[in-house]
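Next come the chains, spelled out residue by residue.
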Amino acid sequence: MLDDHVTLAHGAGGKASAALVDAVFVEALRNPLLEALGDGAVLSLPGGDRLAMSTDSFVVQPRRFPGGSVGELAVNGTCNDLAMTGAVPSWISAAFVLEEGFPIAELKEIVADMATAAAVAGVQIVTGDTKVVPRGAADGVFITTTGAGVIPAGRALSAGAVRPGDRVLLSGSIGEHGMAVMLARGDLAIEADIASDTASLSPLVEALLAAAPSTRWLRDATRGGVGTVCNELAQSCGLGVLLEEDRLPVAPMVNGACELLGIDPLYVANEGKFVAVVAPHEAEAGLAALRSHPLGAQAAEVGQIVAEPAESVFLRTGFGGTRIVDMLVGDPLPRIC
């Protein structure tokens, strides 16, 4: 790690984030559970049961945006991290850092949003903590949630299970959340009817795993988008990922906004989409299962796993050429979750 100070790029989910995690946190706290660097840790309990645990923090601005709010993100984001391990989300702990002067009425709205999202997701918020800091020491409210869920017997998902020839599925169109938040800030002279895709993905994951029980790996494409998630996969499994540009589902409004801003939709954050790697013989059934659910209506098979070039992601363009999809560099969309 070359940086001497933390920058916004360290929170963008790309190369700088990976360097910070590896050089500071993994280096100091190293253990096999942490080194897996998954969306959550898988814990083995006496008797053979397995529990997944995940923690996330939410600092998005604005706190309310088309399609969602920071309260909904705090629940859905943690539920989704648990679902990506194969767990069924069940319990959440929530901690709040409140800035002096924060309106109680807005806090009630955020907590009400959390309660609604938890009811929809089928989880309980069972414990928590509240801290208040002086005016100017925070940006209104920061929320940290920790979730736990049970992994059904016989279910195992890991990058180590990925094989050449496996298919890459995307659960729906990409980029809605990042674009919705960016436009909601009002800093750009762009108007577009784009809403966040924030949702609890556990029901969609269960539908996929029922139809494609040999599914290898799952990851929700949040910070850094699909491009970053696929790079993390390639580095973890030691294989390559070949994506097909003409198969990537991108809504016209999102695509147009990205073109105006010079941003690749592959790197735009999502809060209700995931990437799945499935066995070739289960790809058709898995895709059908995704499309049969309201959250997966726009699901698509977008690529495959290849042996070479190893640890790389390539995109086959509509013109028949290929280009490298590298890890995100910099911070084009700060504070999207």
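Residues numbered from 1 in each chain as written. Predicted model: local features only at pLDDT ≥ 70, side-chain atom pairs only at ≥ 80, totals over all residues. Heavy atoms only, no water.

Caption draft 1: Looking closely at the nonpolar core. Counting 29 residues, the largest nonpolar core has Leu233, Val241 and Leu243 as the members making the most contacts within it. Contributions of two or more residues to this core are made by β8 (167-170), α7 (225-237), β10 (240-244), β11 (274-278), β12 (300-306) and β13 (313-316). Ranked by residues supplied to this core, first place goes to α7 with six residues. What Leu233 contacts, discounting residues up to four positions off in sequence, is Ala159, Val162, Trp217, Val241, Val277 and Ile305. If you look at the next biggest cluster of nonpolar residues, it comprises 24 residues, including Leu107, Ala117, Val123 and Val181. (Core = buried A, V, L, I, M, F, W, Y, C linked by side-chain atoms within 4.5 Å. Buried < 20%, exposed > 50% of the residue type's maximum accessible area, 1.4 Å probe, protein only. Helix = DSSP H or I, 4+ residues; strand = E, 2+ residues; numbered from the N terminus. Contact = heavy atoms within 4.5 Å.)

Caption draft 2: Quick peek at the environment of Ala137. Along the chain, the position of Ala137 falls in the loop between β6 (124-133) and β7 (141-151). A relative accessible area of 53% means that Ala137 is categorised as exposed. Put simply, Ala137 and Thr317 are 180 residues apart on the chain and 47 Å apart in space, counted from C-alpha to C-alpha.

Caption draft 3: View of the sheet that holds strand β2 (residues 50-58). One open sheet holds the five strands; their spatial order is β1-β2-β7-β5-β6, and the pairing between them is mixed. Of all strands in the sheet, those with a lone pairing partner are β1 (41-44) and β6, marking the two edges. Each strand of the sheet is rotated relative to its neighbour by a mean of 20°, with strand direction disregarded. Bridging between strand β5 (residues 88-99) and β6 involves nine bridges; their strand directions are parallel. For Ser93, the partnering residue across the bridge sits in β6 and is Thr127. Contacts between helix α4 (residues 104-121) and the sheet are confined to β5, β6 and β7, with β5 contributing the most and set at about 175° to the helix. (Pairing = 2+ DSSP bridges. Axes fitted to C-alpha atoms, helices over the stretch in contact; angles between N-to-C directions.)

The values reported here are purely geometric and, on their own, carry no functional implication.
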